[in-house]
Each structure stands twice: as C-alpha cells, then as structure tokens.
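# Remarks on the overall topology
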Amino acid sequence: MPKRVDHEERRAEIAEALVRVAGRRGLHGVGMRDVAAEAGVSLRLVQYYFQTKEKLLLYGLEHLAAGFGARTAARVRAAGDDPGPRAVIEALLLESLPTDEESRTFHLVYTSYAVLSVTDEALAAQPFIANPDAAEDALASLLRQAQEARLIAADIDTRTEAIGLLALSAGLGTSILVGQRSPESAVAVLRHHLDRIFRDGEIRSDAGAQSGTGDPRFA
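Keep in mind the model is a prediction, meaning the values are calculated, not measured.

What counts, and where the lines are drawn
- Residues numbered from 1 in each chain as written.
- Predicted model: local features only at pLDDT ≥ 70, side-chain atom pairs only at ≥ 80, totals over all residues.
- Heavy atoms only, no water.
- Helix = DSSP H or I, 4+ residues; strand = E, 2+ residues; numbered from the N terminus.
- Buried < 20%, exposed > 50% of the residue type's maximum accessible area, 1.4 Å probe, protein only.
- Contact = heavy atoms within 4.5 Å.
- Phe/Tyr/Trp six-rings, centres within 6.5 Å; stacked < 30°, edge-to-face > 60°.
- Lys NZ or Arg CZ within 6 Å of the ring centre and 35° of its normal.

### Thoughts on the overall build of the chain
Regarding its fold elements, the chain presents 10 helices and zero strands. Tracing the chain from N to C terminus, the helices and strands come up as α-α-α-α-α-α-α-α-α-α. For the chain, buried positions account for 38% of its 219 residues. Restricting the contact set of the chain to residue pairs at least 6 apart, pairs at least 24 apart contribute 62%.

Okay, structure coming up:
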C-alpha cells in the first residue's frame, strides 16, 4: 500500500525550509523555488499546498510564532513549578531576544515580515498577526497579578509598562542583530528594567509595613 501522506507534517516541513532560507537571505530574497529546493520537494508540491508566495509566507510566520510559543513555555517550565509573574515575564521577553540561532532566526524573519507587510500590497491584504495585542495583553495580565500580590507598586500602569517592555525588547533585539550590542548586554538592560519595576514595589511595600499604617497606594 502507498504510504499515507501527513499533509500537516508536509506543510510544516515546507515552512521550516522557508524559515531556514529566510534566516540566511532575509525574507525579501525568498522565492517558492528556493523553498522547494531547501525542502527537497518539487516546486509544484509547494504550490499545491500554498498556491501563492504570500500564503506560504503567512503560514511560515504562523509556524514561527508557534515555535516561539513552545520555546517560551519550555523556558517558563525551567523556572520551576510556581515561577511567579516576574519569572514568566522575563521568560517571555528573553526568548524574543536573538541570543542563539533559533531566536535570531525568529527575530530576523518576524521583523522582515513586518516590514514587507507594510510595503507589499498582497501581504498587507492578509492579517499579519491573528491577535496583534496578545503579547501586550499577556504581559499586562502578569503585571496585574504582580500588583495584586504586592510585588509591584499599586500605582503602576500595567498596560503602559507592558507596552514599554515589549518595545524595549524589540529594540534590543534589533540592536543585537545589527551588532550594536551583545546578547549579554541586552539581557542585562532588560533585567535592569524588570528590577526597577519589581524592586520599586518591594521598597514601597517595606516602607509601608515599617510605618505601621501601610502605603495608601497598596490600599
């Protein structure tokens, strides 16, 4: 009997080939023929699964995001059974920095797609991200948890801090890619900002406890 084809597995293999080629050349220089050669399949097969380059790129981005999610989850698990909001936030932000080959490829391809989606009409017609606020919502929720646990100050605007941390992470990632700073220095900057947010809450909480009346911002 002929071997049964797992179509999702085959699509994933083609998406992996796209990511590898894009990681070497940049997304703008990738064609369907290049991806077919990298995957070791025919151009016709790639066209069968994706029809157009734009659909292939979109699927590749979704595949890349799924891999990012899996690596982030693994980083959170490595932090322990009950890591707390600070550790989870740090895992999310550190995984998005290009500190190794996998994360470098993720950052490079993701950023390339963002730029292309602004200037390419065919890409712009497709959703760049299914839920563009997902990361922001997740960080804001974790910061609210920290606030409820009195790990950060009650007067901190969690949404604004989430936006700022994501923007900081993205900027640091680009600075690593272009050789402006090392991964180690970028990680140090990111942790410095997290220390500021969380240490500030601890200091205010301690001060309130010592006064006997409590800090009204935690009321």
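### Topic: the packing of aromatic side chains
In total, this model carries four aromatic pairs according to the counting rule given. Ring geometry for tyrosine 48 and tyrosine 49: centres 5.0 Å apart, planes at 75°, overall edge-to-face. Tyrosine 48 sits in the exposed class, given a relative accessible area of 54%. Owing to a relative accessible area of 8%, tyrosine 49 belongs among the buried residues under this scheme. The structure contains a cluster of three or more aromatic residues connected by ring pairs, namely Phe68, Phe106 and Tyr110. In this structure, arginine 11 is placed above the aromatic ring of tyrosine 59, and the distance from its NZ or CZ to the ring centre is 4.4 Å.

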